[in-house]
Amino acid sequence: MRIYSDEMKNELQHVKCNACGRNILVENGIVKEGLCSCLEKFGYFSNKDGQIHRFDLCESCYDEIIKKFNIPVEIEESNEIV
Ligand SMILES: [Zn+2]
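My aim in this report is to walk through the structure given alongside it, one point at a time. (Residues numbered from 1 in each chain as written. Predicted model: local features only at pLDDT ≥ 70, side-chain atom pairs only at ≥ 80, totals over all residues. Heavy atoms only, no water.)

## Describing the coordination of the zinc ion
Right, on to step 1. Protein ligation of the zinc ion involves Cys-17 (SG), Cys-20 (SG), Cys-58 (SG) and Cys-61 (SG), the donor distances falling in the range 2.3 Å.
Right, on to step 2. Of note is the zinc ion, whose 4 donor atoms meet at the metal with angles of 103 to 116 degrees in an arrangement that counts as tetrahedral.
Right, on to step 3. Along the chain, the residues donating to the zinc ion are arranged with the sequence spacing C-x2-C-x37-C-x2-C.
Right, on to step 4. Residue classification places Cys-58 among the buried positions, given a relative accessible area of 1%.
Right, on to step 5. In this structure Cys-61 comes out as buried when scored by relative accessible area, which is 14%. (Donors = N, O, S within 2.8 Å, 3.2 Å for Na, K, Ca; no water. Tetrahedral: all angles 85-135°; square planar, octahedral: opposite > 155°, others 65-115°. Buried < 20%, exposed > 50% of the residue type's maximum accessible area, 1.4 Å probe, protein only.)

## Some points on the pattern of salt bridges
Right, on to step 1. Considering all chains together, one arrives at 3 salt bridges under this definition.
Right, on to step 2. Its salt-bridge partner being Glu-33, residue Arg-22 comes within 2.8 Å of it at the nearest N-O pair. With a gap of 11 residues between them, Arg-22 in the loop between strand E2 (12–16) and strand E3 (23–24) and Glu-33 in the loop between strand E5 (30–31) and strand E6 (35–41) connect regions that are remote in the sequence.
Right, on to step 3. Using a relative accessible area of 35% as the deciding quantity, one classes Arg-22 as partly exposed. (Salt bridge = Lys/Arg side-chain N within 4 Å of Asp/Glu carboxyl O. Helix = DSSP H or I, 4+ residues; strand = E, 2+ residues; numbered from the N terminus.)

Here it is as structure tokens:
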């Protein structure tokens, strides 16, 4: 869950992990630890047509959730430093 300090959502103030509720470290609007941010816009063939779902997970909650997958997450190396 993201909390911004302005209505235009330009300046990120806080991020909370939706799973455990822990505050993610944010300094000067920049997330300073591992974070998985998901945004899904459900379409016509879903039961959530027109809904946009968004959540954030800290790295440890992300790790716990992906452990339950039957098929592992696809992992590749990124050349960009995020
Ligand atoms: Zn968490």
